[in-house]
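The chain contents come next:
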Amino acid sequence: MKFQVNTEQKPKPLVSIITATIGREHLARCIKSVKAQTYSNIQHFVVIDGKEHEASARKVLSQFDDLEGSSNGLDVLCLPYPTRAFGGRIYASTPHLTRGDFIMNLDDDNWLEPNHVQSLVEAIGEHPWAYTLRNFTKNGVFVMRDDCLSLGQLHPIWNTTERAETESFVDTNCYLFKRSTAIELSQNWASVSFNDNPYQNDVHFYNRLLRRYPDHGCTLSSTLNYEVVQEAHWEYVTKGNQW
């Protein structure tokens, strides 16, 4: 009796990357970084935050010739009106619309190192979620690693429960979720306003996520490039890194 060996490789899981945009010029850099990933099975789902931003967003998107149709191309959705929520409401709702086995968020002014997706897929394993670390950049140029803010539980300052619940977080752009995890926790992206504290939503989401799923993975490498646009923020993170 002859046995036939199946040599076909199992297809890679699909990773959906959600980008909320108002058509800023940085969007092109963001898209190019997704296209440069070493991981091959990616859906980039770009959501334009309102008709008032569609013209500027479409101008940037016109640079790319594989819109809406290519398996590794761009899927684009324009909302009829703006959410004005810094992406929170978009990240809360769009996981239900994507096709991915895994889901991640990427703001339009940030971009990825080429191994970002691959390293996160390897880190997540059987965990419900995983995260990576990040770099701080200015005008697209590396300045320093983030060694003081988006660290999750890695920094000793978070060893006490009281401080962890008010200060520790992982940046929105640094996560990879299993689809079921992203959908289950999605409403938490829209639960807190950014008006008082730009990190408040990240802290809120992170603590809800950690309570529900304490088991997680981490790449221990900095593959997310975070563009710092406010000068006051530079003084803050510089002192934080020195600490």
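Please read all numbers here as calculations on a predicted model, not as lab measurements.

Basis of the calculations
Residues numbered from 1 in each chain as written. Predicted model: local features only at pLDDT ≥ 70, side-chain atom pairs only at ≥ 80, totals over all residues. Heavy atoms only, no water. Helix = DSSP H or I, 4+ residues; strand = E, 2+ residues; numbered from the N terminus. Buried < 20%, exposed > 50% of the residue type's maximum accessible area, 1.4 Å probe, protein only. Areas by Shrake-Rupley, 256 points an atom, 1.4 Å probe, with all protein chains shown as cover. Contact = heavy atoms within 4.5 Å. Salt bridge = Lys/Arg side-chain N within 4 Å of Asp/Glu carboxyl O. Phe/Tyr/Trp six-rings, centres within 6.5 Å; stacked < 30°, edge-to-face > 60°. Lys NZ or Arg CZ within 6 Å of the ring centre and 35° of its normal. Disulfide = S-S within 2.5 Å. Polar contact = N/O pair within 3.5 Å; in protein donor to acceptor, adjacent residues only side chain to side chain. Core = buried A, V, L, I, M, F, W, Y, C linked by side-chain atoms within 4.5 Å. Pairing = 2+ DSSP bridges. Axes fitted to C-alpha atoms, helices over the stretch in contact; angles between N-to-C directions. Parallel < 35°, antiparallel > 145°, perpendicular 65-115°, else oblique. Left-handed = near helix turned anticlockwise from the far one by under 90°. Nonpolar A, V, L, I, M, F, W, Y, C, P; charged D, E, K, R; others polar.

### Considering the overall build of the chain
So, step 1. The number of helices and strands found in the chain is eight helices and nine strands.
So, step 2. Among the 243 residues that make up the chain, the fraction classed as buried is 54%.
So, step 3. Split by element, the accessible area of the chain, about 12500 Å² in all, is 50% carbon and sulfur.

### Description of the environment of Gln63
So, step 1. As for its position among the elements, Gln63 is in the loop between α2 (54-61) and β3 (74-78).
So, step 2. Each C-alpha atom of the pair Gln63 and Ala28 lies 7.9 Å from the other, and the pair is 35 residues apart in sequence.
So, step 3. With residues up to four places along the chain from it excluded, the contact list for Gln63 reads Ala28 and Lys32.

### Focus: the pattern of salt bridges
So, step 1. According to the stated counting rule, one finds ten salt bridges in the structure shown.
So, step 2. Linking Asp75 and Arg99 is a salt bridge whose minimum nitrogen-to-oxygen distance equals 3.6 Å. Of this pair, Asp75 sits in strand β3 while Arg99 sits in the loop between α3 (88-93) and β4 (102-105), and the two are 24 residues apart along the sequence.
So, step 3. A relative accessible area of 18% means that Asp75 is categorised as buried.
So, step 4. Glu184 is the partner of Arg212 in a salt bridge, and the nearest nitrogen-oxygen pair spans 2.6 Å. You can see Arg212 sitting in helix α7 (residues 200-212) and its partner Glu184 sitting in helix α6 (residues 179-185), a full 28 residues away along the chain.
So, step 5. Exposure remark for Arg212: the relative accessible area of 44% places this residue in the partly exposed category.

### Digging into the packing of aromatic side chains
So, step 1. If you walk through the whole model with that rule in mind, you get nine aromatic pairs.
So, step 2. Their ring planes at 85° and their centres at 6.4 Å tell us that Trp129 and Tyr206 sit as a pair that is edge-to-face. Of the two residues, Trp129 is situated in strand β6 (residues 129-138) and Tyr206 in helix α7; the sequence distance between them amounts to 77 residues.
So, step 3. The structure contains a cluster of three or more aromatic residues connected by ring pairs, namely Trp129, Tyr131, Tyr175, Phe177, Trp189, Phe205 and Tyr206.
So, step 4. Just above the ring of Tyr39 sits the side chain of Lys12; from NZ or CZ to the centre is 4.9 Å.

### Here we look at the state of the cysteines
So, step 1. Applying the stated rule across the entire model yields zero disulfides.
So, step 2. Of all cysteine sulfurs, the one in Cys218 lies closest to Cys174, which takes part in no disulfide; the gap is 9.2 Å.
So, step 3. By relative accessible area, Cys174 is classed as buried at 0%.

### Observations regarding the side chain of Asn201
So, step 1. Within the element layout of this structure, Asn201 appears in helix α7.
So, step 2. Residue classification places Asn201 among the buried residues on the basis of a relative accessible area of 1%.
So, step 3. A polar contact of 2.6 Å, which involves the side chain of Asn201, links it to the backbone oxygen of Trp189.

### Description of the nonpolar core
Considering soluble globular proteins, one finds that nonpolar side chains tend to be buried as a cluster.
So, step 1. If you look at the biggest cluster of nonpolar residues, it comprises 53 residues, and the most contacted ones within it are Val15, Ile17, Trp129 and Tyr175.
So, step 2. Apart from residues lying up to four places away in sequence, Ile17 is in contact with Val34, Ile42, Gln43, His44, Phe45, Met104, Leu106, Leu112 and Val117.
So, step 3. The next biggest cluster of nonpolar side chains, apart from the first, holds twelve residues, and it includes Leu27, Ile48, Phe64 and Leu74.

### Digging into the pairing of strand β7 (residues 141-145)
So, step 1. Here β6 runs beside β7; their pairing, made up of four bridges, is antiparallel. Across the sheet, residue Thr137 finds its bridge partner in β7, namely Phe142.
So, step 2. The turn joining β6 and β7, which pair antiparallel and follow one another in sequence, is formed by two residues; a positive phi near 55° is taken by Asn139.

### Points about the packing of helix α1 (residues 27-35) against α2
So, step 1. Look at α1 against α2: their axes get within 9 Å of each other, and the N-to-C directions meet at 45°. When the axes of α1 and α2 are compared, the pair comes out oblique. Remark: the crossing between α1 and α2 carries right-handed chirality. Residues Leu27, Ala28 and Ile31 of α1 lie in contact with α2, whose contacting residues are Ala57, Val60 and Leu61.
So, step 2. Of the residues that constitute the contact of α1 with α2, the class distribution is six nonpolar, no polar and no charged.

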